[in-house]
Amino acid sequence: MTNDFDKQPPALQPPALQPPALGEGETLCKSEDTTPSASTVWFLAGPMNPNQPVRHVPVHTTRFVVGRANDNTLCLSSRTVSSVHAEFVCTDTSLTVRDLNSTNGTYVNGQRVADIVDLAADDLVQFGDVAYRVLKHSSEFDVGTLCEDVTDQALALVQFDRLMTEEAVIPHYQPIVDLRHGEREPIIAFEVLVRSRIGGLETPARMFSTAAQLSLEIQLSQMIRRKAIQETRSAASPPHLFLNTHPKELEHPGLIESMQSARELNQSQQITLEIHEKAIANAGAMKELRAALRDLDIGLAFDDFGAGQARLAELSEVQPDYIKFDMSLIRSIHEASPERRQMLGTLVRMVREMAVLSLAEGIECKEERDVCVELGFETAQGYYFGKPSLLGK
């Protein structure tokens, strides 16, 4: 994944902390104190009903009341839940739950609650027929020292549910150009990069670091791809999109199914899936993915080639459509030694002999562009050709 987009982030002002948006049958109501602990954030995780995905609801107040009535902190619409069913009490180091004389009871790990019960991460708490898993995130720091990044991290965790349920990412599109047409350099595609205006989650790095703490990197990656296709498919000529993956998607099943769903959003739009070169551990599995993508009429690009271990021979067996050369190889290439230029030119020639298009990432000036043309690069992207921008800008 190119880092162009992270170099000059726009000056966004984070909004005031708000409770995350929730699903049907679930609302966050009155709040006594919406400031999360700087060191610990507790969550209730579970589907609202069998047809909905798992949600992550932060226990964001000191006293967190659950029930069917609208003035509870967490309002559930299930008829098995009492008007005022149970309450959580949250401190910096602990989370407890007690039943409030509900009709159908509150259960922890299958045992009915008779008094106050201390909770631990992974405990299962049930109100009537609604069940949640308890999750905990802790950040350790020296006593008496308040770290701004820890506070920001807690804020991001509380806001992440809102990012996902509102699909509040803002796709930006960075042009990819064809270098084989002289100075005209027509735009042939756009790489999708994202921002958000939710406090603590403004950049891709912040989004994915927060997602990692909740094991939701795959879901976030899928949502970004879906949002970009939905946003561009109604254009008169939907653009060719380069869509990124997260390395975890190659470690777990579901990537092919995700791309099938992406294709169903627009049957004719040109799509290329980007996979980081270092994330490729199994050439056999990658060949299967390549075949499945071809069946879906979706291209394949290997990203950041040369940033680490450049395994060109192994990558050639998969036959991608593009190999994107990492910006570390391109940066100041016009000032590089003859040996470095020769090495890069040799790699470009080998890629072209494989009938794969070579793409130079991170070009920032005309001099870099001119050397890349001399070396035989066919396509390119970088600030020289255009910064990531909103659709239609």
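Residues numbered from 1 in each chain as written. Predicted model: local features only at pLDDT ≥ 70, side-chain atom pairs only at ≥ 80, totals over all residues. Heavy atoms only, no water.

### A word on unusual backbone geometry
Next up, step 1: Its identity as a non-glycine residue notwithstanding, Glu185 has a phi of 45 degrees, on the positive side.
Next up, step 2: Here Glu185 shows up in the loop between β13 (170-178) and β14 (187-195).
Next up, step 3: Note on Glu185: relative accessible area 12%, which makes it buried.
Next up, step 4: In this model, Ser332 sits at a positive phi of 55 degrees, which is unusual for a non-glycine residue. (Helix = DSSP H or I, 4+ residues; strand = E, 2+ residues; numbered from the N terminus. Buried < 20%, exposed > 50% of the residue type's maximum accessible area, 1.4 Å probe, protein only.)

### Quick word on the pattern of salt bridges
Next up, step 1: Applying the stated rule across the entire model yields 18 salt bridges.
Next up, step 2: The closest approach of N and O atoms between Glu191 and Lys324, which form a salt bridge, is 3.2 Å. Taken together, the positions of Glu191 in strand β14 and Lys324 in strand β18 (residues 322-325) put the pair 133 residues apart, joining distant regions of the chain. Of the two residues, Glu191 and Lys324, both sit in the buried class.
Next up, step 3: The salt bridge partner of Asp370 is Lys366, with a shortest N-O separation of 2.8 Å. (Salt bridge = Lys/Arg side-chain N within 4 Å of Asp/Glu carboxyl O.)

### Here's the deal with helix α9 (residues 366-375)
Next up, step 1: All of the buried residues along α9 are Glu368, Arg369, Val371, Cys372 and Leu375. Here the buried residues of α9 occupy an arc of 165 degrees about the axis, which is enough to place them on one side.
Next up, step 2: Immediately beyond the C-terminal end of α9, within one or two residues, lies Gly376, with a positive phi of roughly 100 degrees. (Arc of directions from axis to C-beta.)

### Looking at the side chain of His85
Next up, step 1: With respect to the element layout, His85 can be found in the loop between β5 (74-76) and β6 (86-90).
Next up, step 2: Contacts of His85, omitting those with residues within four sequence positions, involve Val66, Gly67, Thr80, Asp99, Leu100, Ser102, Gly105, Thr106, Phe127 and Gly128. (Contact = heavy atoms within 4.5 Å.)

### A look at the pairing of strand β11 (residues 124-127)
Next up, step 1: Only one face of β11 is buried, namely the one carrying Val125 and Phe127, since none of Leu124 and Gln126 on the opposite face is buried.
Next up, step 2: Across 3 bridges, the pairing between strand β8 (residues 106-108) and β11 is antiparallel. By the bridge assignment, Val108 is partnered in β11 with Val125. (Pairing = 2+ DSSP bridges.)

### Things to note about the environment of Val97
Next up, step 1: Secondary-structure assignment places Val97 in strand β7 (residues 95-99).
Next up, step 2: Sequence separation between Val97 and Leu119 is 22 residues, and the spatial gap between their C-alpha atoms is 7.2 Å.
Next up, step 3: Among all residues touching Val97, those that are not within four sequence positions of it are Ala86, Glu87, Phe88, Thr106, Val108, Val113, Asp115, Ile116, Val117 and Leu119.

### Looking at the packing of helix α3 (residues 217-232) against helix α4 (residues 255-265)
Next up, step 1: Running from N to C, α3 and α4 cross one another at 15 degrees; their axes reach a closest spacing of 9 Å. Looking at the two axes, α3 sits roughly parallel to α4. Of the two possible hands of crossing, α3 and α4 adopt the one that is right-handed. Only Leu255, Ser258, Met259, Ala262 and Leu265 of α4 make contact with α3, whose side of the interface consists of Gln222, Arg225, Arg226, Ile229 and Gln230. (Axes fitted to C-alpha atoms, helices over the stretch in contact; angles between N-to-C directions. Parallel < 35°, antiparallel > 145°, perpendicular 65-115°, else oblique. Left-handed = near helix turned anticlockwise from the far one by under 90°.)

### Details of the environment of Arg180
Next up, step 1: Here Arg180 is to be found in the loop between β13 and β14.
Next up, step 2: Expressed as a C-alpha distance, the spacing of Arg180 and Gly376, which sit 196 residues apart in the sequence, is 9.0 Å.
Next up, step 3: Every residue in contact with Arg180, bar those within four places of it in the chain, is listed here: Leu357 and Glu378.

### Some thoughts on the nonpolar core
Next up, step 1: By size, the foremost hydrophobic cluster in this structure holds 67 residues, and its most contacted members are Leu220, Phe325 and Phe377.
Next up, step 2: Ranked by the residues each element gives to this core, the list is headed by helix α1 (residues 148-165), at 6 residues.
Next up, step 3: Beyond its immediate stretch of four places on either side in the chain, Leu220 contacts Phe160, Leu163, Met164, Val169, Met207, Phe208 and Ala211.
Next up, step 4: Counting 22 residues, the second largest nonpolar core, distinct from the first, contains Leu95, Val108, Phe127 and Val130. (Core = buried A, V, L, I, M, F, W, Y, C linked by side-chain atoms within 4.5 Å.)

### Considerations on the confidence of the model for the protein
Next up, step 1: Counting all residues, the mean pLDDT for the protein is 84, and 83% of those residues have values of 70 or more.
Next up, step 2: Low pLDDT (under 50) marks residues 1-38, which in the prediction has 121 contacts with non-local residues, meaning those over four places away or in another chain.
Next up, step 3: Here residues 140-148 is a poorly scored stretch, pLDDT under 50, and it has 6 contacts once near neighbours within four places are set aside; other chains count. (pLDDT = per-residue confidence, 0-100.)

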